[in-house]
Amino acid sequence: MVIQNKDAVAEVPLALVSNPYLDELTAGLRARPIPWEGYQRALLITQTELGYIKAVDKKTGEDLSRVVDSEGPVYADLFISLLQKLVRLDTIQSILILIDDLLLDHEERATYFLDLAKKDPSLPYAPLLKCLRSEDDFVPLKASKILTTILCASPKPSTEATEELFRWTTAQLQSNNQAVVDLAVQVLESVLRQRAVRPIYWSSPHAMDALVKILKTAAPTPQMQYQVIYCFWILTFDTEIAQELNRRYDVIPPLVEIAKSAIKEKVIRVIISTLRNLVEKAPEANLAAMAAVKLLTFTENLSTRKWSDGEILEDVNFLKAELEENFQTLTTFEVYQAELLSGRLIWSPPHQSDLFWTKNWRELKKENYALLRILARLLSTAGDPVVLSVAANDIGQYVKRDPSSKKFLQELGVKQRIMELMSHPDQDVRYNSVNASWSLIGGSGRV
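Residues numbered from 1 in each chain as written. Predicted model: local features only at pLDDT ≥ 70, side-chain atom pairs only at ≥ 80, totals over all residues. Heavy atoms only, no water.

Hey, could you run me through the overall build of the protein in this one?
Helix and strand content of the protein: 27 helices and zero strands. Over its C-alpha trace the protein gives a radius of gyration of 28 Å, far above what one expects of a compact globule, namely 22 Å for 447 residues. Each of the three principal axes of the protein carries a C-alpha extent, and together these read 95 × 45 × 35 Å. Long-range pairs, those at least 24 residues apart, make up 70% of the contacts in the protein with a sequence separation of at least 6. Carbon together with sulfur atoms contributes 52% to the accessible area of the protein, which is approximately 20,500 Å² in total. (Helix = DSSP H or I, 4+ residues; strand = E, 2+ residues; numbered from the N terminus. Rg over C-alpha atoms; globule rule 2.2 N^0.38 Å. Contact = heavy atoms within 4.5 Å. Areas by Shrake-Rupley, 256 points an atom, 1.4 Å probe, with all protein chains shown as cover.)

Sorry if this is basic, but what is going on with the packing of aromatic side chains here?
To describe a pair of aromatic rings, you give the distance between the ring centres and the angle between the ring planes. Throughout the structure, instances matching the rule amount to 15 aromatic pairs. Taken together, the aromatic side chains of Y226, Y230, W233 and F237 make up a single cluster linked through ring pairs. Positioned above the aromatic ring of Y226, the side-chain terminus of K266 is 4.6 Å from the ring centre. The positively charged end of R276 is found above the aromatic ring belonging to F318, 3.7 Å away from the centroid. (Phe/Tyr/Trp six-rings, centres within 6.5 Å; stacked < 30°, edge-to-face > 60°. Lys NZ or Arg CZ within 6 Å of the ring centre and 35° of its normal.)

Where do I start with the nonpolar core in this structure?
Among soluble globular proteins, nonpolar side chains are generally buried collectively. Counting 120 residues, the largest nonpolar core has F79, L173, Y201 and L275 as its most contacted members. Those residues in contact with Y201, other than ones at most four positions away along the chain, are F166, T169, L173, L188, L192, A207, M208, L211 and L235. One finds L371, L375, A391 and V429 within the second-largest nonpolar core, a separate group that totals 33 residues. (Core = buried A, V, L, I, M, F, W, Y, C linked by side-chain atoms within 4.5 Å. Buried < 20%, exposed > 50% of the residue type's maximum accessible area, 1.4 Å probe, protein only.)

So what exactly am I meant to see when it comes to the environment of L151 here?
Topologically, L151 is positioned in helix α9 (residues 139-153). Overall, the relative accessible area of 1% leaves L151 in the buried class. Here the alpha-carbon distance between L151 and V191, two residues 40 residues apart in the chain, equals 6.8 Å. Apart from the residues within four sequence positions on either side, L151 is in contact with Y125, P157, S158, A161, T162, L165 and Q194.

How should the pattern of salt bridges be read in this particular structure?
Opposite charge on two side chains allows them to pair when their charged atoms are near. The tally for this structure, following the rule as stated, stands at 24 salt bridges. Where R276 meets E280, a salt bridge forms, and the shortest distance between an N and an O atom there is 3.5 Å. In this pair, R276 and E280 both sit in helix α17 (residues 265-281), four residues apart, roughly one turn of the helix. We classify R276 as buried; its relative accessible area is 12%. Judged by relative accessible area, E280 falls into the partly exposed class, the value being 35%. The network of salt bridges with shared partners includes R269, R276, E280, D309, E311 and D315. (Salt bridge = Lys/Arg side-chain N within 4 Å of Asp/Glu carboxyl O.)

Would you take a moment to explain the environment of A289 for this structure?
Mapped onto the fold, A289 is located in helix α18 (residues 283-292). The exposure class of A289 is buried, given its relative accessible area of 11%. Note: C-alpha distance between A289 and A143 (146 residues apart in sequence) is 40 Å. Those residues in contact with A289 that sit more than four places away from it in its chain are N246, I252 and A338.

What's the story with the side chain of E164 in this structure? I'm lost.
Assignment of secondary structure puts E164 in helix α10 (residues 159-172). By relative accessible area, which is 11% here, E164 ends up buried. Engagement of the side chain of E164 in a polar contact is seen with the side chain of R133, the distance being 2.5 Å. Not counting residues within four places of it along the chain, the set of residues in contact with E164 comprises L129, L132 and R133. (Polar contact = N/O pair within 3.5 Å; in protein donor to acceptor, adjacent residues only side chain to side chain.)

Written out as structure tokens, the structure is:
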């Protein structure tokens, strides 16, 4: 798939949800007989409705098209009506299969369903959203696929339907069934292409947390990495999201790490495209974090590679040029702050610079010691010896300039933690903890 960075490209043709697990469930259910004649005898459906059903039942492809193309609106009305009035699970499953067959490879037929709103504003969504709430394994998955196609075809997607679909995908992203997670991400890839729904997803409770968690903790496959980051790429066409994405979710460091180790070219491409959006849409919010993870050096490396897709090099060179120009305006403290906020401390120059600390130590006191609290948290939670060493160093550097903070740091548990780290297995952690302890207990020297 070609990825560009012009805003218009985010409005792309409809995408399909293609999921082998759902296909397998569908195949297993398709062959079952449904007692349509019995429904007619019980007056649950009319004789006319029975005729329409029999004309398409078990038909697919061209056989189905020959029937549907002449009476598409009739079938959309019929199927949604059946979902409203029939309740047997096997019947609901079969109706959803019929709807999906009608839409398969013919997304333009979604307009037949959208037109139902002219007679009832709740249609076509209400019966499908009810299916989304079913406890059956199959019904919600099939309904989500149908809803995706209809929402993607809508000139003005339903806010209510979108919100409920996003609540559903958020829950499915936490499933233990990876096939279900894959389907949920595919739904997001498709629906988020509608510009109007991106702010809805951004504000949907826990939605972004669930998506980010896949990338950070779930050890995803390269394909899943690509799909999740593709969602990020689409979302970052929205300026507000581009401004807040890294501040809230710290995505720049893991994106760069994934790109460095990625084997598949398309994974690198979608990451570079996402980073480009972040620079173009919200440079002030993202440049310092990019400097902290040495992104410029990485783009310089990428620019020397050979790519099968020439547009990758174009994006890399664009990003590299933007970084070279804008990094010149960053202060040393902005880069330090971004590194600290990322939680990925390394021995970059500011940490051991007396000039840096003399000039900037007061910045750590601002907003009720916000940055100092982060250092304290890293000391307590980090497992990486480098992070622990740098954090201990920074605590010592700060306390030397602000001895009055000792009591506050003791209340945060920093003094006790420094004492514990003095017996850490790593030599550098022990060394920097001992030095920090001198500042905390009143000394001024370094060992």
